[in-house]
Structure formats: structure tokens, C-alpha cells
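Single-letter residue listing:
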Amino acid sequence: MTTTATVSSQTATTALCAVRPQVPVDRLVTDLVPPRHFANARFATYRANPAHPSQGRALARLQEIAAEITAPRRGLFTRRKAAAPAVYLDGGFGVGKTHLLTSLAHAVSEALGADKAAYGTFVEYTNLVGALGFLPTVEALAAKKLVCIDEFELDDAGDTTIMSRLMRELADRGVALAATSNTLPDALGEGRFAAQDFQREIKALSDRFETLRVDGPDYRHREVVTDSEPLTEAEVVGAADRPGGTLDAFDDLLAHLATVHPSRYGALLDGVSVVALTGVHPVTAQEVALRLVVLVDRLYDRDVPVLLGGSADTRGLFTEEMLAGGYRKKYYRALSRLGALAEEGRKLL
């Protein structure tokens, strides 16, 4: 009997390891909407920092782009159809890029219908291609007026090639594109570091993208990595015993994630109010760590608090080699998000 089964039998909670989500294909597409965390984000609620004029310029330009996308179609005898807009938001952590991107998605959805804008992270789109196949993904997204890609990642050549091809197909069909990426804190002094990488990697598409720089400090006024000390097992088990609570041994959950396609990790969390984990320890295998990163992203999208019990605080979850390697943006983002969710979990004690 696993640790998860033993602990869960003593409480009313369920275990994520017991869930095998069956997700209809159409849901994989309809789920491409702004995350719950940004459900109320709108252009009107974005507070541009006057000390950093690029924020105000980016806001104004995106409002123009929203108006362009949602404008009534011209007459049948228009001489030439203008290319759909394509914009890339470049900047560091916590400057409001995701707020701006979700605001653009909301503006288009509210004007044209909820099914006319798709919003997802880079990983969600590559997972969608993996689940549906390339051509069905193109056909599904070509029906949109806008496709938003948050956290465009340049650390995997294969995935970047897939996304470049996908964006080219969509742009050729008149779909507007908007993307963001993070510049790591130690690269902020390097100017348009991420923008140059982005334009180089998407090659043939680079001329179509307009780059908007979004400068400024992290508005959350915290370190990129939020430390959160582990809880005792008794604290984790006790706090998990609530409606929608789940309780799993960390190793059991990591093993379970290997059996679920990452495109279905969101469905794994349906109805979940808090995720409790016992026996949390550093993750040393990269393929395991990358699956965990995807789960953390889905938890963050849904504002699901976590309870972490074990030997590792959030900062020590990934190895130093991982934090210095090619996937470091993924890992730093996951640590930041997991730390924030763990602090929310503490409030449940």
C-alpha cells in the first residue's frame, strides 16, 4: 500500500494519483482561455508606472491592436487585405506583461465572442500539438481571430521549431498573434536580450512581429524565488481535510504525472481547492522536474494553494545544475509560483 493510500484513508480527502482525467479533444481547445488568476485583468485595470514610460506605450499600443482586430471587416471590394497584427512583449518578471496579454485576449473575446481568442502558455500549445497532431491544431486555432502565447520559451529547439511553424501557418491565415517572454534578472542589463532571441528563433516570422519593450521593477516587490519552509506532515494532513482537498505522497504524484499527458494536467485539478503533498524532497531527474513545472503552472493558473511537507523548502526543490542550465527560466518561474502558492497554503493552517 502506498503512502498516499495510507494517509488518504484517514481523511475525507482524495488523491490526485487516483485521478485519470479523460478529456474530450474539443476541451483541449476550449480550455485555452486566460487563467483564473487573471480573470479580472483588463486594460483599464493595468496601472502603468509613470517612471517607466514603456509600460504606458505598450498599454496604448495593445489597445490599438485590440481595436484593429475587433474592427468590422471592410467591404468586399477592398483592394488588399492588411496582414493581421503580431506583437511581442519583452521584459523582466513582474512588469505586467501577462496582465497586458490577458487584457488583449479579454478585449477580443468580449467584442467578438469567447471562442474568437485563444490564450495559453507556450507549453500548453506544444502539448496541444502533441495531443492533437500538428494539422488538427492549425485547423482548430485558425478559427480564432487572436492567439496569445504567454511565456514563449527558447530553451528547446524542437518545440521552438514547432511553434514557429504553427505561428507561421496561423499568420498566413490571418490570425493575429501576441506573445510574451521573460528576461531573467541577471540579463536585464543586456537590453533586448529576450527579444533578439525571439526574433532569431522564429526566423521567417520575425519581420511580422512588432516588439514592445515593457521595463520596470517587479511590481510584486519580492525576490524572483519565494522561499517557503516545509510544513510538518501533521499540518499537511490536517489542512488537506476539507472539501476539494487532495493529499498525495510527493513520489507517488511524480510517478503519476508520468502516466498523464501534460495537456491533461489542468483537468487533473478539476474541483480541487488545495493540493497537499507529503515527503517533498529535491528533484534530481530533469524529465521529472519538467513535468512538475507544468503541474505548477496549472496550479498557478487556477490559484490552487499547496501544502508542502518534507525535507525541502521551495528554493531547494531543483538542483543548482538545473537552475544554471538551459531550462532555468522554467525552473525559476516554477519556484516563484510554487513559493507563492505555498504561502497561500500556510494561510489554511
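Residues numbered from 1 in each chain as written. Predicted model: local features only at pLDDT ≥ 70, side-chain atom pairs only at ≥ 80, totals over all residues. Heavy atoms only, no water.

*Asks:* Help me out: how do you make sense of the pairing of strand β7 (residues 274–280) in this one?
*Replies:* Remark: a regular strand shows side chains that alternate across the two faces of the sheet. In terms of burial, β7 is largely enclosed, as six of its seven residues are buried. Relative to β7, strand β6 (residues 245–249) is paired through five bridges, and the arrangement is parallel. Residue pairing in the sheet places Ala249 in a bridge with Thr278 of β7. Taken together, the four bridges between β7 and strand β8 (residues 306–310) define a ladder with parallel strand orientation. Paired with Leu277 across the strands is Leu308, a residue of β8. Each parallel crossover has a hand, and the one from β7 via helix α12 (residues 286–301) to β8 is right-handed. (Buried < 20%, exposed > 50% of the residue type's maximum accessible area, 1.4 Å probe, protein only. Helix = DSSP H or I, 4+ residues; strand = E, 2+ residues; numbered from the N terminus. Pairing = 2+ DSSP bridges. Right-handed = clockwise from strand over helix to strand, strands pointing away.)

*Asks:* Just to check I follow, could you spell out the environment of Asp248 for this structure?
*Replies:* As for its placement among the helices and strands, Asp248 is situated in strand β6. Considered as a pair, Asp248 and Ala15 are 233 residues apart in the sequence and their alpha carbons are 5.5 Å apart.

*Asks:* Just to check I follow, could you spell out the nonpolar core for this structure?
*Replies:* Ranked by size, the top nonpolar core spans 38 residues in total, and within it Val275, Leu317 and Phe318 carry the most contacts. Looking at which element gives the most residues to this core, the answer is α12, with nine residues. The residues touching Val275, leaving out its near neighbours within four places in the chain, are Leu16, Thr246, Leu269, Leu299, Val304, Pro305, Val306 and Leu307. Among the nonpolar cores identified, the runner-up in size contains 28 residues, and Tyr125, Val138, Ala171 and Leu177 belong to it. (Core = buried A, V, L, I, M, F, W, Y, C linked by side-chain atoms within 4.5 Å. Contact = heavy atoms within 4.5 Å.)

*Asks:* How do you make sense of the side chain of Ser103 when you look at a structure like this?
*Replies:* Note on placement: Ser103 falls in helix α4 (residues 97–112). Those residues in contact with Ser103, other than ones at most four positions away along the chain, are Ala41, Arg42 and Phe43.

*Asks:* Please clarify how the environment of Ala83 should be interpreted in this entry.
*Replies:* With respect to the helices and strands, the residue Ala83 is situated in the loop between α3 (53–70) and β1 (86–92). Note: C-alpha distance between Ala83 and Gly174 (91 residues apart in sequence) is 6.6 Å.

*Asks:* Please explain the sheet that holds β7 as it appears in this structure.
*Replies:* Within a beta sheet, neighbouring strands are joined by backbone hydrogen bonds and run either parallel or antiparallel to one another. Read across the sheet, three strands follow the order β6-β7-β8 without closing on themselves; strand pairing throughout is parallel. With one partner strand each, in any of the chains shown, β6 and β8 form the two edges of the open sheet. Shown here is a sheet whose adjacent strand axes are inclined to one another by a mean of 15°, direction ignored. The sheet contacts of helix α10 (residues 250–257) involve β6 and β7, and relative to β6 the element is tilted by about 95°. (Axes fitted to C-alpha atoms, helices over the stretch in contact; angles between N-to-C directions.)

*Asks:* Can you walk me through the confidence of the model for the protein chain in this structure?
*Replies:* Detailed reading of the predicted coordinates is not advisable wherever pLDDT falls low. Looking at the protein chain as a whole, its pLDDT mean stands at 85, while 83% of the residues score no less than 70. Low pLDDT, under 50, characterises residues 1–12; the stretch is placed with 19 contacts to residues that sit more than four places away or in other chains. Here residues 184–193 scores under 50 on pLDDT; set against residues more than four positions off or in separate chains, the count is 16 contacts. (pLDDT = per-residue confidence, 0-100.)

*Asks:* Explain α10 here, please?
*Replies:* Residues separated by three or four positions in an α-helix point in the same direction, a consequence of the helix having 3.6 residues per turn. All of the buried residues in α10 are Phe250, Leu253, Leu254, His256 and Leu257. Buried residues in α10, looked at end-on, bunch into an arc of 160°, giving them a common side. Buried-residue contacts for α10 involve β6, α11 (265–268), β7 and α12. (Arc of directions from axis to C-beta.)

*Asks:* What's the story with the pattern of salt bridges in this structure? I'm lost.
*Replies:* Close approach of charged atoms allows side chains of opposite charge to pair. Following the criterion strictly, the structure yields 16 salt bridges and no others. We note a salt bridge from Arg213 to Asp90, for which the minimum N-O separation is 2.6 Å. Residue Arg213 is located in strand β5 (residues 210–214), and its partner Asp90 is located in strand β1; the two are separated by 123 residues in the primary sequence. Owing to a relative accessible area of 13%, Arg213 belongs among the buried residues under this scheme. Asp90 gets classed as buried once you look at its relative accessible area, which sits at 0%. A salt bridge links Glu151 to Arg337; the nearest nitrogen and oxygen atoms lie 2.5 Å apart. Of this pair, Glu151 sits in the loop between β3 (146–150) and α7 (157–172) while Arg337 sits in helix α14 (residues 328–346); the two residues are 186 residues apart in sequence, bridging distant segments of the chain. Using a relative accessible area of 7% as the deciding quantity, one classes Glu151 as buried. For Arg337, a relative accessible area of 10% puts it in the buried group. What emerges from the salt-bridge pattern is a single network uniting Glu151, Asp297, Arg333 and Arg337. (Salt bridge = Lys/Arg side-chain N within 4 Å of Asp/Glu carboxyl O.)

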